[in-house]
Amino acid sequence: MPTELHVARPEEHGPAPTAHPDPEGPHLEVLLTGATGFVGKVVLAELLRRRDELGIARVWLAIRPRRGKPAQERFDTTLAASPCFARHEPGWQRACQVVAGDLCDAYAGLRQTDRALLADHVTHIIHCAASVDFDLPIAEAARANIQSALNVLELAQSLPKLRAMVDVSTAYVTPHRQANGAGVAELVPLPRPASVLYQAILDGQVPEKQLLAETGHPNTYTYTKCLAEHLLSERKGSVPLTIVRPSIVSAAWEHPFAGWIDSHAAFAGFVALFGMGYLHEIVADPQVRLDLVPVDVVAAEAIDAALQGDPQRPIRYAAAGLQGASRIGMIVERAVDYYSRHPAGRRVTPTAHAVRTPVVRARELLRHTLPTQAARAWLSATGRPKQAKQAAKLSEKLAYLNQAFPAFSCREYAFAPCPPLPAGYSPEVYVDRIYAGIYRHLLGKSEREVAVAGRRHAQSESDLGFALGRPRGGLVVRSLGYALRKALRRAADVVTFDRPSFEAALAQVPPGDTLVVVPTHRSYLDSLLCSYLFFAEPALGVDMPLALPQVDHGEPDWHDRLSARTQGGAALQFFVEGGRGQARRFHAPSVALLRALQASGRPYSLLPVAVAYDRMIEERLIHHELHPDARVTAADLLDLAQGLRRRHVELGRVHLAAGAPVRLTPQSPVRQAAQSVLGELQRQTVTTTFHLRAFLARQPVEHATLEWLRDVLVQRGLTVLDSGLGGEEQLPATVEGGLRHHWRHALYPEALVRWPEHPVVAHHVARHGAGLPGRPVDPASLEDPRLPALLDALFLPLIEDVARVLQLVGPAHAPLGDLSLRQLRRDLPEAPAEHLHDALALLSERGILMRDHDLHDWHWGPAAETLADLAARCGDGQGAAVERSAA
């Protein structure tokens, strides 16, 4: 019996569009089936994106209740939440009206009252719903692809305002033995009437293999789609019907955005499996051209056929045609290239075979069947039934692919192209977009988070094989690469890098420039990780950079050593910051080495590389360094190395990203170049959810959650990476305070609005945010009480500590005594060292204090009399914030 169904009323999903729209305004109302599927989503997205252009007043969505979820809930939680609609204007859902139904029931499963409602409004139908499983039993395939289409046609015949109906079929309704007619926009000849063949399916008396052999179709999907075309054409009556035949539908070319895909069906299944390194032997002729068509091209053709249909073209193709098709050999080559640079699992080694010979079957047995069956047996024996079941499914999938797909991958079809293909289209570019889309949307990977080391890095070769297999590097370099890979597996969850940022930056380096890698200076690992990255990723095209000697003009051979390392154009590496960043803060840049490079008369491109860590191997050492009487010894450094080797330190996530290169020529302003590099390093520094959880654990903000804080930072352009590392509650205050340097700068514009012209805040932002792009602030954003509370938690301690320092120093011209950073640490032990640094820098820049760098001694400056005024202005941080909030 038909299921009790329901039409979602306007009050359940916002106000409905006007029942009788203005004749001059949008007036078309489209009923769409299959909107929860891949093609259907994009058809809906395009109808909404082009709504004004097409004159669409409303889109009705026929959605089947499933697994206890009503149709409206499926729309809200599954369909509307899809990334396919991420770029639509807020409130786009109001242009949609959900209709609950089951297409396999009469009149699409709608109650009489619901059908009457559609009869009053619907002007067009686009039928996208279908099952694309190739191996469904023929009775199930007929129910999904024939019966449902006929029920939608029955519904269409009851709609008096209907102007057109489109049925999305497949270009492969033509068996290959009739390939000379594959591109002809006509119904495919059948050995017997379609109604007779359909009845044979319903009766269940004729075996499936016999029915398929009679027509030559390779599977039940193409067979039932072929019968559906015939039966719809025979029974359409007065319904204006157009059939659209797409070829192999894959990722979007442009809309909703390049590479979008959410279906593992057909070609995507192949790509996902060999992208993960599971599918090694592919039965596919390398010379065959495969007709891959972007999903947005199919959607545009279906919409055009419905709204601007031509009675003279009852059957239309949505295909690339032979000129736009992709040669399988090229597809495999580019897959190896892409997934070698963007690893998604094991090593990618697919081989295409034109014929499934006994040798090919033996290779499948050795590389597919035996490994997966052995894994299943091992997992079962070790008490992991869930993983064992997954291994069994993988084995079945690998076997199925090389049985089901040769009908498409070993034979060439000449479909009529759908003119025109998008501007700039080429098979090579499109295949790369498919791979990027599958990598991101189906495999859940990101090109901006490519793993190169760590425990979660899917390693396809041994450490020794990795070290020996790199194309460049001598014995020392390979040994270092081997040791680092092994050490990082012990100490890090995963080490990732932002590939697009490196590729974009390196592409901007002019020919002839010497590349100088300039990493952050947070950890002793920073420079090693940069070298490891270029060794591990030879596709970046950077040889192992040579480390430049630290500036020491006192050494008689310093300039000779520098000159020797800058000869020959090899990549170089050095730290631009004046010292290692205690507690992760950025140091002011040093220009001495840059001036020395400039003096060589050659052009250089400085490549900023920001390295971010959940935790660092120096944490205990940093905590020690910040103690007033700290001294770092060789034993401390040895302890760090031992801790890394023995996994006493857990780094969590480590990430590298490249900033835009900064050019240094003989004419360049050196200090400006150094500051630009520092700004790029800060701009590319990412944060992680571990950093944010650590802050909230130590400095809770009322009603602020991790999700809220993450959204605040992402909206301001910061990258926030997921981290599963725990233990944030046990971090010392000095360590947690340092983590804020990864993300606090994203809120500098808001801090300047909350404390306008406050000397401490203004000085801090100018000192630590130089080189960062400006950003306007909407004052309304501060109306959320959580944001001012967050700013207070970040900046009020700084304001208060600087005010305390000014009180200790004053009054003006009083004896300064033993004024030093070390003494201030003793006097204000609770104040973070960076706050004391800011206080002394503020006094120095305003001329209140001056320092004799030879004696490391402070004395009063020419503006000493302004100390009292500065102290008064610095002491009212809370009052200024309150006054500003009231205003």
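About the cut-offs
Residues numbered from 1 in each chain as written. Predicted model: local features only at pLDDT ≥ 70, side-chain atom pairs only at ≥ 80, totals over all residues. Heavy atoms only, no water. Axes fitted to C-alpha atoms, helices over the stretch in contact; angles between N-to-C directions. Helix = DSSP H or I, 4+ residues; strand = E, 2+ residues; numbered from the N terminus. Parallel < 35°, antiparallel > 145°, perpendicular 65-115°, else oblique. Contact = heavy atoms within 4.5 Å. Nonpolar A, V, L, I, M, F, W, Y, C, P; charged D, E, K, R; others polar. Buried < 20%, exposed > 50% of the residue type's maximum accessible area, 1.4 Å probe, protein only. Pairing = 2+ DSSP bridges. Right-handed = clockwise from strand over helix to strand, strands pointing away. Polar contact = N/O pair within 3.5 Å; in protein donor to acceptor, adjacent residues only side chain to side chain. Patch = residues over 30% accessible without salt bridge, like charges linked within 9 Å, V, L, I, M, F, W, Y side chains within 5 Å. Areas by Shrake-Rupley, 256 points an atom, 1.4 Å probe, with all protein chains shown as cover. Salt bridge = Lys/Arg side-chain N within 4 Å of Asp/Glu carboxyl O.

> I'd like to hear about the packing of helix α30 (residues 759–768) against helix α33 (residues 833–845), residue by residue, with values.
Relative to each other, α30 and α33 sit at 95°, their axes nearing to 10 Å. By the angle between their directions, the pair α30 and α33 is classed as roughly perpendicular. Counting all contacts with α30, which are made through Pro-759, Val-760, His-763, His-764, Arg-767 and His-768, the residues of α33 involved are His-837, Asp-838, Ala-841, Leu-842 and Glu-845. Along the lines of polarity and charge, the residues of the contact of α30 with α33 split into four nonpolar, four polar and three charged.

> Account for the pairing of strand β4 (residues 124–127), naming residues and giving values.
Within a regular strand, side chains alternate between the sheet's two faces. Residues His-124 and Ile-126 line one face of β4 and the alternating positions Ile-125 and His-127 line the opposite face, and both faces are buried. As paired strands, strand β1 (residues 28–33) and β4 are joined by four bridges and run parallel to one another. Residue Thr-33 lies in a different strand from β4, and its bridge partner there is His-127. Since β4 and strand β5 (residues 164–168) lie parallel, the crossover through helix α5 (residues 138–156) that links them has a hand, and here it is right-handed.

> Describe the environment of Glu-301, and please don't skip the residues or the numbers.
Inspection of the secondary structure puts Glu-301 in helix α10 (residues 295–307). Between the C-alpha atoms of Glu-301 and Val-168, which are 133 residues apart in sequence, the distance is 9.9 Å. Beyond its immediate stretch of four places on either side in the chain, Glu-301 contacts Val-244, Arg-313, Arg-316, Tyr-317, Ala-318 and Cys-418. In terms of polar contacts, Glu-301 uses its side chain to reach the side chain of Arg-316, at 3.0 Å.

> Lay out the side chain of Ser-263 with the relevant residues and their values.
Relative to the elements of secondary structure, Ser-263 occurs in the loop between β7 (248–250) and α9 (267–275). The class for Ser-263 is buried, based on a relative accessible area of 19%. There is a polar contact of 3.1 Å between the side chain of Ser-263 and the backbone nitrogen of Ala-265. Once residues lying within four places of it in the same chain are set aside, the contact partners of Ser-263 are Phe-38, Ala-268 and Leu-442.

> Describe in detail unusual backbone geometry, supporting the description with residues and values.
Excluding glycine, most residues fall at negative phi; most peptide bonds, likewise, are trans. For the bond running from His-255 to Pro-256, omega is 5°, close enough to zero to count as cis. When you line up the elements, Pro-256 lands in the loop between β7 and α9. The omega torsion across Gly-810 and Pro-811 is 0°, close enough to zero to call that bond cis. When you line up the elements, Pro-811 lands in the loop between α31 (786–809) and α32 (821–827). Phi is positive for Arg-67, close to 50°, though the residue is something other than glycine. Mapping Arg-67 onto the fold places it in the loop between β2 (56–63) and α3 (71–79). For Arg-67, a relative accessible area of 78% translates into the label exposed.

> Go over a nonpolar patch on the surface, please, and point to the residues and values.
A contiguous nonpolar patch, built from Leu-365, Leu-366 and Leu-370 and spanning about 290 Å² of accessible area, is present on the exposed surface. Here Leu-366 is to be found in helix α13 (residues 358–381).

> Tell me about the sheet that holds β1, and please be specific about residues and values.
Reading across from one edge, β3-β2-β1-β4-β5-β6-β11 is the order of the seven strands in this open sheet, with parallel pairing throughout. Here the strands that pair on one side only, and so sit at the sheet edges, are β3 (96–100) and β11 (315–318). Between one strand axis and the next, the sheet turns by 20° as a mean value, whatever way the strands run. Helix-sheet contacts for helix α1 (residues 38–49) involve β1, β2, β3 and β4, and the interaxial angle to β2 is about 165°. Most of the contacts of α3 go to β2, to which it runs at about 105°, and overall it touches β2 and β3.

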